[in-house]
Protein chains: 2
Amino acid sequence: MAKGDKINFSTPSGFPEFLPSEKRLELYLLDIIRRVFESYGFTPIETPAVERLEVLQAKGNQGDNIIYGIDPILPPNRQAEKDKSGETGKDKSGETGSEARALKFDQTVPLAAYIARHLNELIFPFARYQTDMVFRGERAKDGRFRQFRQCDIDVVARRELSLLYDAQMPAIITEIFEAINIGDFLIRINNRKVLTGFFKSVGITEDKIKSCINIVDNLEKIGESKVKQELEKEGVSGEQTQKIIDFIKIDGSVDEVLDKLKHLTLNLPETEQLSLGISELETVIAGVRNLGVTENRFCIDLSIARGLDYYTGTVYETTLLGHEALGSICSGGRYEELVGVFLGEKMPGVGISIGLTRLISRLLKAGILSTLAATPAQVMVVNMQEDLMPTYLKVSQHLRQAGINVITNFDKRPLGKQFQLADKQGIQFCVIIGSEEAAAQKSSLKDLKSGEQVEVLLVNLAEEVKRRLS
Amino acid sequence: MAKGDKINFSTPSGFPEFLPSEKRLELYLLDIIRRVFESYGFTPIETPAVERLEVLQAKGNQGDNIIYGIDPILPPNRQAEKDKSGETGKDKSGETGSEARALKFDQTVPLAAYIARHLNELIFPFARYQTDMVFRGERAKDGRFRQFRQCDIDVVARRELSLLYDAQMPAIITEIFEAINIGDFLIRINNRKVLTGFFKSVGITEDKIKSCINIVDNLEKIGESKVKQELEKEGVSGEQTQKIIDFIKIDGSVDEVLDKLKHLTLNLPETEQLSLGISELETVIAGVRNLGVTENRFCIDLSIARGLDYYTGTVYETTLLGHEALGSICSGGRYEELVGVFLGEKMPGVGISIGLTRLISRLLKAGILSTLAATPAQVMVVNMQEDLMPTYLKVSQHLRQAGINVITNFDKRPLGKQFQLADKQGIQFCVIIGSEEAAAQKSSLKDLKSGEQVEVLLVNLAEEVKRRLS
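Everything numeric here is computed off the predicted structure, so don't read it as measured data.

Rules and cut-offs
Residues numbered from 1 in each chain as written. Chains lettered and ligands numbered in written order. Predicted model: local features only at pLDDT ≥ 70, side-chain atom pairs only at ≥ 80, totals over all residues. Heavy atoms only, no water. Phe/Tyr/Trp six-rings, centres within 6.5 Å; stacked < 30°, edge-to-face > 60°. Buried < 20%, exposed > 50% of the residue type's maximum accessible area, 1.4 Å probe, protein only. Lys NZ or Arg CZ within 6 Å of the ring centre and 35° of its normal. Patch = residues over 30% accessible without salt bridge, like charges linked within 9 Å, V, L, I, M, F, W, Y side chains within 5 Å. Areas by Shrake-Rupley, 256 points an atom, 1.4 Å probe, with all protein chains shown as cover. Salt bridge = Lys/Arg side-chain N within 4 Å of Asp/Glu carboxyl O. Lys, Arg positive; Asp, Glu negative; His and termini not counted. Charge placed at Lys NZ, Arg CZ, Asp CG, Glu CD. Helix = DSSP H or I, 4+ residues; strand = E, 2+ residues; numbered from the N terminus. Pairing = 2+ DSSP bridges. Axes fitted to C-alpha atoms, helices over the stretch in contact; angles between N-to-C directions.

Trainee: So what exactly am I meant to see when it comes to the packing of aromatic side chains here?
Mentor: Centre-to-centre distance and the angle between the planes together describe a pair of aromatic rings. Per the stated rule, a full pass over the model turns up 22 aromatic pairs over all chains. Consider the rings of A:F124 and A:F126, whose centres lie 6.3 Å apart with planes at 65°: the pair is edge-to-face. A relative accessible area of 4% means that A:F126 is categorised as buried. For the pair B:F198 and B:F199, a centre-to-centre distance of 6.2 Å together with 80° between the ring planes defines the contact as edge-to-face. Members of the aromatic cluster, joined through ring pairs, are A:Y114, A:F124 and A:F126. Of note, A:R400 hangs over the ring of B:Y40, and the distance from its end group to the ring centre comes to 3.7 Å. Sitting over the ring of B:F185, B:R297 keeps its end group 4.3 Å from the ring centre.

Trainee: Can you walk me through a positive patch on the surface in this structure?
Mentor: Where like charges cluster on the molecular surface, the positive patch consists of A:R159, B:R413, B:K417 and B:K424. Mapped onto the elements of the fold, B:K417 is located in helix 15 (residues 415-424). A relative accessible area of 43% places B:K417 in the partly exposed class.

Trainee: What am I meant to see in the pattern of salt bridges here?
Mentor: Oppositely charged side chains may form a pair once their charged atoms are brought near each other. Overall, the coordinates contain 59 salt bridges over all chains when judged by the stated rule. With its nearest N and O atoms 2.7 Å apart, the salt bridge here joins A:E17 to B:R117. Separated into two different chains, A:E17 in the segment before helix 1 (20-39) and B:R117 in helix 4 (residues 108-117) make up a pair that spans both. Judged by relative accessible area, which is 14%, A:E17 ranks as buried. Residues joined by salt bridges that share partners form a network here, namely A:K23, A:E26, A:R149 and B:E46.

Trainee: Honestly, the sheet that holds strand 17 (residues 453-457) of chain A in this entry has me stumped. Any pointers?
Mentor: The strands making up a sheet are joined through hydrogen bonds of the backbone, oriented either antiparallel or parallel. Residue and element names in this part refer to chain A. Spatially, the 5 strands line up as an open sheet ordered 14-13-15-16-17, and their pairing is mixed. Looking at which strands have only one partner, the edges of the open sheet turn out to be strand 14 (406-408) and strand 17. Here the strands of the sheet are splayed against their neighbours by 25° on average, with no regard to which way each runs. Relative to strand 14, strand 13 (residues 379-381) runs parallel, the two sharing 3 bridges.

Trainee: What is the right way to look at the pairing of strand 8 (residues 185-191) of chain A in this model?
Mentor: Each regular strand shows side chains that alternate between the opposite faces of the sheet. All names here are of chain A. Of all 7 residues making up strand 8, 7 are buried, and the element is well covered by its neighbours. Of the two faces of strand 8, the one holding F185, I187, I189 and N191 and the one holding L186, R188 and N190 are both buried throughout. Across 7 bridges, the pairing between strand 8 and strand 10 (residues 311-320) is antiparallel. When the bridges of strand 10 are listed, I187 appears paired with T318. Relative to strand 9 (residues 298-300), strand 8 runs parallel, the two sharing 3 bridges.

Trainee: Which parts of the structure should I look at to understand the environment of B:R158?
Mentor: Residue and element names in this part refer to chain B. Topologically, R158 is positioned in the loop between strand 7 (147-156) and helix 5 (163-180). What makes R158 partly exposed here is its relative accessible area of 29%. It is 8.6 Å that separates the C-alpha atoms of R158 and G340, two residues lying 182 residues apart in sequence.

Trainee: Explanation requested: the sheet that holds strand 4 (residues 101-103) of chain B in the structure shown.
Mentor: Reading across the sheet, the 6 strands line up as 2(A)-4(A)-3(A)-3(B)-4(B)-2(B) and stay open at both edges, with antiparallel pairing between neighbours. The open sheet has two edge strands with one neighbour each: strand 2 (50-52) of chain A together with strand 2 (50-52) of chain B. Between one strand axis and the next, the sheet turns by 45° as a mean value, whatever way the strands run. Note that strand 3 (residues 67-73) of chain B and strand 4 of chain B share 2 bridges and pair antiparallel. For B:G69, the partnering residue across the bridge sits in strand 4 of chain B and is B:A102.

By themselves, these figures tell us nothing about what the structure is for.
Here is the structure:
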């Protein structure tokens, strides 16, 4: 094709892609996430990118999300079929086009469908993780993507689900972010029953509780005085508003907050729901402690509620301290009626989610994470003399068999250029073998970082490289 | 939702999903594939699932594939916007709908776009791997999927690309399939220049060479007499046909085939292209041998051509011996004008591809591969007494820190039921701690496979489990 054809080969707006050094970082993080998820017995699944539209829209599950429908397009050389059928190429391929299909916009609706599809093949409690791509017709502005990877875990039961599953979530969040080593973070824990219970106790009517919770949930974004205004707009009295403000400002250590909450129940009417919430919160906190999560990693934050309607108990948000503007880097909670939706069953579950694409993109921009080397290769075997190529190939294989990633340089170029090529890709070591070295069954091992060069017998080369890599 | 709502929650036809035991097998295979790819310095990339339609259709790159266009769908609660705008919800979200977009149907066109997009950020030769999902509007029949994972490597240069990159491919294929342990396989190697050169030499005109090659490529499928018929239909003379048949039936060891080919050139006119092909084939074979691939793993098969027009040199197919009906399990070749298409540059490249979803599905059906356990958990800490839960949680964390995957059973159930639950998921070991054991800081370790049960001090538990797992 001539350059003049001017095809716009850029990615469609909002559909990001990584350079190798960034993609390698993503895989590194995915490996950590997978290791931690699996260490708690979460098992991997992946649902198709495409679901029936009726599944994605079941009972308003689409929420406010704009989703992408899919439709077959015939290749240009088969347009005749389309013209004949008078349709947009919907059936000649066995593609009937009769069922509307669309790309999934989250992992939760597909999890519900997956459970419905395989109910009798799954073992409950069903603890699964998923790290698939999801698709949303978002306005493609800073940090909002139309395709992104979301790492989710959920554990779902058919009847009862112990609160200790809720307690595992902060332990999992802690392990992941400690392993990623991104600095101090704080997991904020709350319980929706505490919130709804408290609102009930101060006399907010059932129909207003949800909107009041959403107002309170925005405390951090909009500030106290705005929360007051919004509550008053909802028809909440001045006295009630003050009680609510006092309530969400309760702070202190986890034990202090629990004590203050319990004290509160003594002075309020109708505290059944509130007390249940407090008791759940206590059980979860005790579990979190028994799992060895240190006190500096978590707190109770009565203002967080997770906007989503489906949470009914424990809720979590995770803040990167000093980088609060990033928003929550890992959130989730407990729900009752979400994943049983296609079966008409109540299925309690609890889960958390990491928006990995967004997280990486933002942490890179903020300088909190760095990209990796552009190649997984750790060694380049350089090309000194074309006639020694059989030796270079054999030495390369020998190193690979020892678990070392190797690029053999096949191109004849000056040695300095070859070192440059290695260094540019982040390869630390070059193996240099000329005819003298080959005859003596040895090599020169050059460390491009330190500039140091040592002679190593070929028989010891793999071991020496591994020693220096570790 | 009531069951009566009757949402069809099955997957759309042709969009497969795995059970956990199958998805775990896929991840296991992906880990092997990734390890081998990376050991040769191939670096990971991932391109978006969605590209501009003009990119996917550039210069007929869509081939015969039916691709899926995407279009935004507004959520039901925002249909009003759609009605107002008189459009199908294409802009209220910042989704202009002005650019046609579609799901990628292979990894090659996106690789070409990726290289064009990042030309100055990439280092050449650029060796990348990709294990993304691709989408095709295939007739969803046995073993054909509309979404499937394809594992591709390609190495691409801006000018010259050594034939030793071609030689690495059979080494990589060998390592992967030996590690997967699926029995004997044979990599069939050929060179398109040998084919086109030979056809030229026997007097087939330029315009008929492609169709003749495609006929010959089908030898295995349609048999010799049908090949003869088809060639004659193309206007190939009886004498030429006989020469072609004799040619593609050349067999023997690799060296015998090379000898026979060289002998052939002595008796034919216009052998420039043929001789070039033979010389390339010799270089590649020598490289394959130097890389330590054993003779039983590869052969020269003059009948294979890979239908795709873009191959210009080395081509590969891989047959699982005894399961030839599965077709090629890993194929590829060298091309000149494929990945430079958006830049108007010649960029030689060589690559191979494994259609992983299809491979797993067919190998499972054929009983060649087995699924893994339904969970990655290796140990279940059972729930003997609710009041010992803090101990169970601590012991579980202790095991996890030693790298063991653990499910703590939170539900109160008879011990036998808990063993059953573990066994059903493929968990081999149960850790049993009653009050007596807890007091003595020990546990009973039960091997569900052998039935054996031993007492182990808690301080030695992780080590003992690891010893028994290995």
